[in-house]
Amino acid sequence: MSEPHELTAAQAVEAIAAGSLSAAELFDAYHARAAADRAAGEGGLNCFTWVAGEAPSRAGMRVGESRRPESFRKPDAFAGTALHGVPLAVKDLFCTEGAPSQSGSRILAGYQPPYTATVVARLRRAGTPLLAKTNQDEFAMGSSTENSAFGPTLNPWDRERVPGGSSGGSAAAVAAGLAPWALGTDTGGSIRQPAALCGIVGLKPTYGAVSRYGMIAFASSLDQAGPLTRDVTDAALLLGHMVGRDPCDATSLGFPHEILAPSAERLDGLRLGVPEELSGEGIEAGVLDAFAAALAGAEALGARIEPVRLPHAAHALSAYYVIAPAEASSNLARFDGVRYGLRAADAEELIDMYTRTRHDGFGAEVKRRIMLGTYVLSSGYYDAYYGRAQRVRTKIAEDFRAAFAHVDLLVTPTAPSVAFRLGEKTADPLSMYLNDFCTVPMSLAGIPAISIPCGLSEGLPVGLQLAGPAFSENRILDAAYALEQSLGFDGAHARV
Ligand code: GLN
């Protein structure tokens with residue numbers, strides 16, 4: 001039999017159910033791999049901020065939070081549950097009781113929340129014990145995981161390159177075989193883009209399909225949790241246990257139907273729209289070649305490829321980088337040294353304590369976004385910036401509605417380039433923001449989108465994005481599955 005970590009999560013579920021593998025054996029195998037990465041320090045990929053069993057650091061904790069760490073249930077206790085104890089890695093920003101939840105920030109160093117995010121709690125009930133918390137850009141702001149207070153994560157395909165971001169720790173861990181599957185969050189591309197750069201599958205669900213309760217907020221009208229997995233089947237399996245209305249999140253909705261295991265072999269009759277605005281200018285030649293080859297593959301499976309227009313897509317990045325910082329500046333006001341995490345020592349009075357805590361606790365990108373956000377919301381500029389960005393957002397949603405009157409799904413490259421070198425874009429925030437060019441429009445419209453690996457360019461993975469109308473996850477997963485089977489991408493090269 002293959003090593004436990006060579007199985008996909010769905011195969012592991014089956015093996016445990018059939019009795020050929022025990023949940024404890026699987027957990028131990030992954031735990032040893034994850035702990036080794038953590039112990040390797042700079043010699044490892046730096047995928048994790050915490051691995052199960054580690055004593056959480058108590059730095060920055062407040063009186064009243066000093067509860068006993070939750071005893072992580074033995075994996076064998078999950079026998080008979082749907083997911084049978086296949087462990088899960090979870091992005092740092094999900095609140096997990098008894099484990100540090102720091103959103104990649106110094107300001108939350110050592111913070112242990114008193115409760116667990118709904119989606120993590122749901123998955124645990126379905127049978128996924130918590131394996132580890134994963135590294136990310138601070139407060140999910142970034143595209144390379146270089147904005148983490150815990151140092152960058154490296155791309156397992158090439159350690160001199162970034163894994164993408166902000167869910168880079170989750171993506172690299174799954175690609176490297178250090179976790180069977182992982183949770184990420186996507187505000188403007190943070191699941192899809194790291195999935196593309198690491199050669200795995202990442203799905204951002206319809207806005208509202210998954211509860212945001214217990215996710216440390218970045219931009220609440222955009223944030224969604226979703227799966228990062230080795231293949232499309234695993235993504236469907238994990239998503240199926242995440243969706244649903246949660247009374248703790250007023251923006252969550254009941255999913256109108258069951259998430260099904262994808263099974264399509266052909267794409268006969270499926271109309272795939274290629275938006276001109278997102279599949280040409282600004283995208284690397286090697287990425288466009290792999291994209292064109294994947295489109296030819298889709299045609300061979302029976303799909304009809306049609307050009308479509310998204311006339312306002314060119315303005316999506318500008319609108320996003322007004323709306324997301326505006327919401328962030330409001331969400332991050334709560335980190336003031338009073339209630340959570342870090343508090344600056346020897347402050348002279350209250351305002352001084354707030355100022356010093358925020359000065360010491362936030363990194364440069366977070367400060368940049370808070371300043372941008374407060375500026376665009378200020379009374380003299382609100383209409384000119386925030387109000388206008390909201391109008392652009394509406395136009396973009398209308399563009400998608402118009403496109404979906406003619407085609408079933410849209411298809412684009414996920415990211416404009418393959419994984420770039422560490423440090424290559426850190427000095428130029430605008431070039432970093434361009435990573436989100438193809439993913440941000442779907443986020444603004446609240447529609448679901450998946451990234452699947454579709455080939456290599458310069459020996460590095462290229463991602464293909466499929467997007468559809470709200471709640472079309474089953475159709476997206478089916479099309480992605482059929483393409484995945486015919487493309488035959490081999491991600492095993494990245495395993496450590
Ligand atoms: N890269 C984008 C940003 O920095 C998206 C991040 C995300 O989706 N969380 O805002």
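The rules behind each value
- Residues numbered from 1 in each chain as written.
- Predicted model: local features only at pLDDT ≥ 70, side-chain atom pairs only at ≥ 80, totals over all residues.
- Heavy atoms only, no water.
- Buried < 20%, exposed > 50% of the residue type's maximum accessible area, 1.4 Å probe, protein only.
- Helix = DSSP H or I, 4+ residues; strand = E, 2+ residues; numbered from the N terminus.
- Pairing = 2+ DSSP bridges.
- Salt bridge = Lys/Arg side-chain N within 4 Å of Asp/Glu carboxyl O.
- Disulfide = S-S within 2.5 Å.
- Expected span 1.5 Å × (residues − 1).
- Arc of directions from axis to C-beta.
- Contact = heavy atoms within 4.5 Å.
- Axes fitted to C-alpha atoms, helices over the stretch in contact; angles between N-to-C directions.
- Right-handed = clockwise from strand over helix to strand, strands pointing away.
- Near = heavy atom within 4 Å.
- Polar contact = N/O pair within 3.5 Å; in protein donor to acceptor, adjacent residues only side chain to side chain.
- Areas by Shrake-Rupley, 256 points an atom, 1.4 Å probe, with all protein chains shown as cover.
- Nonpolar A, V, L, I, M, F, W, Y, C, P; charged D, E, K, R; others polar.
- Domains from an automatic or database assignment.

What about the pairing of strand β4 (residues 181-186)?
Thought 1: Of all six residues that make up β4, six are buried, and the element is covered over most of its length.
Thought 2: Neither face of β4 is left uncovered, since the one carrying W181, L183 and T185 and the one carrying A182, G184 and D186 both have all their residues buried.
Thought 3: Where β4 and strand β6 (residues 224-229) come together, six bridges link them in antiparallel fashion. For W181, the partnering residue across the bridge sits in β6 and is T229.

Here's the deal with the pattern of salt bridges
Thought 1: Per the stated rule, a full pass over the model turns up 16 salt bridges.
Thought 2: In this structure, R266 engages D268 in a salt bridge whose closest nitrogen and oxygen atoms are separated by 2.8 Å.
Thought 3: Two residues, R339 and D336, come together in a salt bridge whose shortest N-O distance is 3.1 Å.
Thought 4: According to the relative accessible area criterion, R339 is partly exposed, its value standing at 46%.

Structural notes on the state of the cysteines
Thought 1: In the structure shown here, the tally under the stated rule is zero disulfides.
Thought 2: C438 carries a free sulfur, and the closest cysteine sulfur to it, the one in C454, is 12 Å from it.

Considering helix α7 (residues 285-300)
Thought 1: With 16 residues, α7 should reach 22 Å at 1.5 Å per residue; the first-to-last C-alpha distance of 23 Å fits that figure.
Thought 2: When we look at burial in α7, the residues that qualify are V287, A290, F291, A294, L295, G297 and A298. Mapping the buried residues of α7 onto a view down its axis gives an arc of 155°, with all of them on the same face. Along α7, exposed side chains directed more than 90 degrees from the buried face belong to A285, D289 and A300.
Thought 3: Contacts from the buried residues of α7 go to β7 (271-275), β8 (304-308), β9 (409-413), β10 (449-457), β11 (460-467) and α14 (473-487).

Considering the environment of A175
Thought 1: Along the chain, A175 falls in helix α4 (residues 168-175).
Thought 2: Excluding residues that lie within four positions of it along the chain, A175 makes contacts with P156, C198, I200, G491, A494 and R495.

Notes on the sheet that holds strand β5 (residues 201-204)
Thought 1: Within the open sheet, the eleven strands sit side by side as β1-β3-β2-β4-β6-β5-β10-β11-β9-β7-β8. Their pairing is mixed. One side of each edge strand has no neighbouring strand; the edge strands of this open sheet are β1 (48-51) and β8. Looking at each pair of strands side by side, their axes are set apart by 30° on average, direction ignored.
Thought 2: Note: β5 against β10, three bridges, orientation antiparallel. Bridge pairing in β10 links K204 to A449.
Thought 3: Where helix α2 (residues 23-39) meets the sheet, its contacts fall on β1 and β3 (130-134), and the angle it forms with β1 comes to roughly 135°.
Thought 4: Packed on one face of the sheet, helix α3 (residues 118-126) meets β2 (88-91), β3, β4 and β6 and runs near 160° to β4.

What about the pairing of β2?
Thought 1: The alternating pattern of β2 places L88 and V90 and A89 and K91 on opposite faces, both of which are buried.
Thought 2: By the bridge criterion, four bridges tie β2 to β3 in an arrangement that is parallel. The residue of β3 that forms the bridge with K91 is T134.
Thought 3: For the crossover that starts at β2, traverses α3 and ends in the parallel β3, the hand is right-handed.
Thought 4: Taken together, the two bridges between β2 and β4 define a ladder with parallel strand orientation. Residue A89 lies in a different strand from β4, and its bridge partner there is A182.

Topic: the site of the ligand
Thought 1: Near the ligand lie 15 residues; those nearest to it are T187, G188, S190, Y320 and R369.
Thought 2: Here an oxygen atom of the ligand and a backbone polar atom of G188 are 2.6 Å apart.
Thought 3: Relative to its free-state accessible area of 290 Å², the ligand is covered by the protein chains to the extent of 100%.
Thought 4: For the shell around the ligand, a count of residues per class yields five nonpolar, seven polar and three charged.
Thought 5: Residue-level mapping places the shell around the ligand at the junction of two domains, with at least three residues from each of domain 1 (4-240) and domain 3 (318-377).

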